[in-house]
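# Coordinate analysis (summary)
So the chains spell out like this:
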Amino acid sequence: MDSQNQYCVSRPIYSTRAFEHVNEKQVRETKTVKERLRNSVKCSPKLVTRIIKKFFPILDWLPIYQLKQWLPGDIVAGVTTGMVCALQGLAYSLLVGVPPVYGLYAAFFPILTYFILGTSRHLSVGPFPVTCLMQGAVVFSLAPDELFLYKGNTTGVNGTATMVVNTTARDAARLSIAASMTVLIGLFQFGMGVVQVGFLVRYLSDPLVGGFTTAAALQVVVSQLKLIFNVPTNNYNGILSIFYTIGDIFKNIKQTNMVDLIAGVLTIIVVMLVKEFNTKFQKKLPVPIPIEVIVTIIDAGVSYAMDLSTNYGAGIVRTIPRGFIPPRSPDVSLFNSFAGPSFSTGVVSYAIAISVAKVYAAKHDLVVDGSQELIAFGISNIFCGCFSGFVATTALSRTAIQESTGGKTQVAGIISALMVLIVIVALGPLLQPLQKSVLGAIIVANLKGMFMQVHDVPILWRKNKTDCFIWVFTCIACIILGLDVGLLAGVIFELGTVVIRTQFPNCSTLGNVPSTEIYKNMKDYKNIIECPGTKIFKCAAPIYFANIEYLRDQIKHTVGFNAVRVFKKRNKALKKIHQLIKKGKLKVTENGLVPVAPLGVDNEAFEIERDPEQVEGGAQQEVKGGARPAAEVEVQVDWNSALPVSVTVPKVNIHSLVMDFTSVSFLDVMAAKSLKLIIKEFMRIGVNVYLAGCDDDIIMKMESMGFFDEVVNRGLLFLSVHDAILYIKMETSSESSDDSMAEKISQMQDDKAPPPFTEDEDLIETYDNQHLAIHGLSS
């Protein structure tokens, strides 16, 4: 290696305590709740201005609007997007189950409020098929056709009166449900924005949203097949509803209206081909070809000229009244019926909008405020619901058109709203002959982008199998269980993968790159050496109640022994040694344990050897009962060599264990208690434990949880793994030549002394047993 690519650092070996002392650690200033409230209610002209601009983002960009540079692009983008938005509003109303004119309202009213309150300059606000389908599922379930049947004037084959659907009452009921649900969705979004919980949408990861929207696209296609084939089907909602709908379509396939089928298929083919052409020649075309508008105009003209409804029984829109209907308040009594679906629909609509907004904000170096977006969409949906519209969000295709055709600000959105307004007040009746199958085909053709997300599955499989499982599981769950329940199942599954990954984290044994301070996984590199007598254990995850037992098992695997089992085996061996000493079969000397020839009888009168200095003063020492305290004789027992008793004690080949906590982000109470117990289990068998790389926040939490005491103290903390290793080497080199794995047996006649680890109840009993074995030789 080139010497110029090397660096050399010379500094002291730092424990955490020494580093804090040398660098004069400061105590963090923590404000009380009272102080925070006092600061939050302080008022100044600048603060008021900032709050007003935050709530009304239009005040930020409108004063700096560049009329000559931006207005031409906004006009072109607004006109183009407005035509598409109007037709998509008509089409998506079929998904909600309300008359088409209310789709125009849903494409018009949300734009007005978002223009003032929204933070994205490029979003095209309006209906989106996924959210419309979720809302439509509620509408169809609460107001099915069966509730509005009445006896008609004609009779059937068996002579009974034919049942006819009262479409007027049905449409009125469905409209009330859709409008009330839209208001409730807006209230949920507004409330979430006020309390700043926009972060909740982060739990909807890209794989989860991809699987959900792909399943939703399939649900949309199935729901539109009945319009394209023009066959009767029942309305289903919930588990396996998509399969029941497909079954009804095949059951009534003989009733297919060929005019509607041909028109629908041709529309799908033409729209998809032209959209591909627009994409391929995007840079050469001044504006994308508005193929949806062209197809709609042609079909409406052909349908009117040939009177397809009367002559061929084609399903047409029929009624699109001019103008608006008066605003009305929502039916609050219905809120309990769709509170859950409203919340999930609100979250999904916000997730779609914020993801698209962030894409274009990053492209144009702008900022999007997530909480303000919630407020903007919440007020937009409340406003839209009061004017009989349905839920609004955005669509990537419409936003792409608005941005690619030169849209710079929400002025383009206002111009698109003007285009929709023209359709509402003037051009609406001209679209009354339009075939519903063509509207359904337009919806299906615009879903191609969602279906193309299937290509993400093999990519995710290669990159991250867990994300692939999330995508596939969410997609299948939404297809089988329905969109709302399937989304909930997907979120639970996603969170479960996170829990599993933290519950079974990646743990490794580290080794040192020679002549460096670098420590890497022993399994990954050949030129890595293990520090003699020391194991370095790393946990790359938070430590909490769910993974502490797994962590304990991984530590056992790393060191190669069970510290508790070693302790118990040593304890058992000590008890047997005690029995042999009492029987005179072993003799305690200063050189260790010496076997004594068997005499055939127990040596009950065995006298313990005493230190001469202690014997001289022994006459003056008395305790209760007149007994003299026994003098202590220390004996070295080498646990790695053969023992004079028939007990197999596991070998302990290390004297130190270093735990690398650089990747540990938090520690809970149960984990702290268990970790403290693990440290003491090693310390009582002569293995020192050190914690390296702990973040300051982790250390503060340890202190607040009472982690440190006389035994497990802050002296175990080191700034880095290398600091700990150098300290261990320094300590071992300065020790005496005594075997570091030896244990001292103290022969005493007094009762056992109180154990030092009284804080941990689980440890007291085992420690007491060892203490009896060590100190109860003369009992």
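Residues numbered from 1 in each chain as written. Predicted model: local features only at pLDDT ≥ 70, side-chain atom pairs only at ≥ 80, totals over all residues. Heavy atoms only, no water.

### Thoughts on the overall build of the protein chain
For the protein chain, the count of helices and strands is 29 helices and 14 strands. Looking at the 779 residues of the protein chain, the share that counts as buried comes to 47%. For the protein chain, the proportion of contacts with a sequence separation of at least 24, taken over those separated by at least 6, is 79%. For the protein chain, the exposed area adds up to about 39,600 Å²; of that, 59% sits on carbon and sulfur atoms. (Helix = DSSP H or I, 4+ residues; strand = E, 2+ residues; numbered from the N terminus. Buried < 20%, exposed > 50% of the residue type's maximum accessible area, 1.4 Å probe, protein only. Contact = heavy atoms within 4.5 Å. Areas by Shrake-Rupley, 256 points an atom, 1.4 Å probe, with all protein chains shown as cover.)

### Quick notes on a nonpolar patch on the surface
A surface patch of nonpolar side chains, about 620 Å² in accessible area, is lined by Tyr236, Ile239, Leu240, Phe243, Tyr244, Ile476 and Ile480. With respect to the helices and strands, the residue tyrosine 244 is situated in helix H10 (residues 241-251). (Patch = residues over 30% accessible without salt bridge, like charges linked within 9 Å, V, L, I, M, F, W, Y side chains within 5 Å. Salt bridge = Lys/Arg side-chain N within 4 Å of Asp/Glu carboxyl O.)

### Here we look at the packing of aromatic side chains
Considering all chains together, one arrives at 29 aromatic pairs under this definition. Centre to centre, the rings of tyrosine 114 and phenylalanine 377 are 5.2 Å apart; their planes meet at 45°, and the pair counts as tilted. A residue pair is termed long-range when its members are at least 10 positions apart, and tyrosine 114 in helix H6 (residues 101-117) and phenylalanine 377 in helix H15 (residues 370-386) qualify at 263 residues. In this structure phenylalanine 377 comes out as buried when scored by relative accessible area, which is 2%. Seen from the ring of phenylalanine 140, lysine 226 lies directly overhead, with NZ or CZ sitting 5.3 Å from the centre. Here the basic side chain of arginine 684 rests over the ring of phenylalanine 567, its NZ or CZ set 4.0 Å away from the ring centre. (Phe/Tyr/Trp six-rings, centres within 6.5 Å; stacked < 30°, edge-to-face > 60°. Lys NZ or Arg CZ within 6 Å of the ring centre and 35° of its normal.)

### Points about the pattern of salt bridges
Counted according to the given criterion, the structure contains 17 salt bridges. Close ionic contact of lysine 25 with glutamate 20 constitutes a salt bridge, the shortest N to O distance being 3.5 Å. Across the pair aspartate 709 and lysine 680 runs a salt bridge whose closest N-O atoms are separated by 3.0 Å. Of this pair, aspartate 709 sits in the loop between helix H27 (696-704) and strand E13 (717-718) while lysine 680 sits in helix H26 (residues 669-683), and the two are 29 residues apart along the sequence. For aspartate 709, a relative accessible area of 18% translates into the label buried. Bridged by salt links that share partners, the residues Glu20, Lys25, Glu703 and Arg714 form one connected network.

### Re the confidence of the model for the protein chain
Summary statistics for the protein chain give a mean pLDDT of 84 and a share of 86% for residues scoring 70 or more. Note that residues 599-634 has pLDDT below 50 and, in this model, 41 contacts with residues that lie over four places away or in other chains. (pLDDT = per-residue confidence, 0-100.)

### Describing empty space enclosed by the protein
All told, the structure shown has 2 cavities of 30 Å³ or more when counted by the stated rule. Of the voids in this model, the largest cavity is the one considered here, and its volume is about 50 Å³. Looking at the largest cavity, the residues that line it are Leu204, Leu208, Val209, Phe212, Thr213, Val348, Ala351, Ile352 and Leu487. With 4 residues, the single largest contributor to the lining of the largest cavity is helix H9 (residues 206-229). Of the residues assigned to the lining of the largest cavity, the class counts are 8 nonpolar, 1 polar and no charged. Looking at the second largest cavity, the residues that line it are Thr119, Ser120, Arg121, His122, Ala357, Tyr360, Ala361, Leu366, Val367 and Val368. Partitioned by chemical class, the residues of the lining of the second largest cavity number 6 nonpolar, 3 polar and 1 charged. (1 Å grid on protein atoms, 1.4 Å probe; cavity = no way out; pocket = protein on both sides within 12 Å on 5 of 7 lines; lining within 4 Å. Points joined across faces, edges and corners; volume = space filled by probe spheres on them. Nonpolar A, V, L, I, M, F, W, Y, C, P; charged D, E, K, R; others polar.)

### Section: the pairing of strand E5 (residues 507-512)
E5 sits mainly inside the fold: 6 of its 6 residues count as buried. Neither face of E5 is exposed, since Cys507, Thr509 and Gly511 on one face and Ser508, Leu510 and Asn512 on the opposite face are all buried. As paired strands, E5 and strand E7 (residues 534-539) are joined by 4 bridges and run antiparallel to one another. By the bridge assignment, serine 508 is partnered in E7 with lysine 538. As paired strands, E5 and strand E6 (residues 519-521) are joined by 3 bridges and run antiparallel to one another. Each residue of the ladder has a partner; that of glycine 511, found in E6, is lysine 520. In textbook terms, the turn of a hairpin is the stretch between consecutive antiparallel strands, and for E5 and E6 this stretch comprises 6 residues, one of which, serine 515, has a positive phi near 65°. (Pairing = 2+ DSSP bridges.)

### Looking at unusual backbone geometry
The phi dihedral of aspartate 307 falls on the positive side, at around 50°, and the residue is not glycine. Structurally, aspartate 307 is set in the loop between helix H12 (291-306) and helix H13 (308-312). A positive phi angle, near 75°, is found at arginine 318, a position not held by glycine.

### What to know about the environment of tyrosine 105
Relative to the assigned elements, tyrosine 105 resides in helix H6. By relative accessible area, tyrosine 105 is classed as buried at 2%. Spatially, the C-alpha atoms of tyrosine 105 and glycine 323 are 9.9 Å apart, while their sequence positions differ by 218 residues. Residues within four places of tyrosine 105 in sequence aside, it is in contact with Pro110, Gly323, Phe324, Ile325, Cys384, Phe387, Ser388, Gly389 and Ile424.

### Looking at helix H22 (residues 483-503)
Taking 1.5 Å of rise per residue, the 21 residues of H22 would be expected to cover 30 Å, and the 29 Å separating its terminal C-alpha atoms lies within 8% of that figure. Taken as a whole, H22 has its buried residues at Leu483, Gly486, Leu487, Ala489, Gly490, Val491, Glu494, Thr497 and Thr502. (Expected span 1.5 Å × (residues − 1).)

### Quick notes on the nonpolar core
Within soluble globular proteins, side chains that are nonpolar generally end up buried alongside one another. Counting residues in hydrophobic clusters, the biggest one holds 112 residues, and the most contacted among them are Val130, Leu204 and Phe212. Residues contacting phenylalanine 212, with those up to four places away along its chain left out, are Val130, Met134, Val348, Thr474, Cys478, Leu483 and Leu487. One finds Phe561, Val652, Val689 and Val711 within the second-largest nonpolar core, a separate group that totals 40 residues. (Core = buried A, V, L, I, M, F, W, Y, C linked by side-chain atoms within 4.5 Å.)

### A closer look at the sheet that holds E7
With mixed pairing, 6 strands are arranged side by side in an open sheet as E6-E5-E7-E11-E12-E13. Edge strands, defined here as strands with exactly one partner in the open sheet, are E6 and E13. Lying over the sheet, helix H28 (residues 721-734) contacts E6, E7, strand E11 (656-660), strand E12 (688-692) and E13, oriented at roughly 170° with respect to E11. (Axes fitted to C-alpha atoms, helices over the stretch in contact; angles between N-to-C directions.)

### Focus: the pairing of E11
Counting buried positions along E11 yields 5 of 5 residues, so the element is predominantly enclosed. Pairing of E7 with E11 involves 5 bridges; the strand directions are parallel. Residue lysine 538 lies in a different strand from E11, and its bridge partner there is aspartate 660. In the sheet, E11 pairs with E12 via 5 bridges, with the strands oriented parallel. Bridging from a neighbouring strand, aspartate 660 pairs with alanine 692 of E12. After leaving E11, the chain enters H26 and then returns to the sheet as E12, a path that is right-handed. (Right-handed = clockwise from strand over helix to strand, strands pointing away.)

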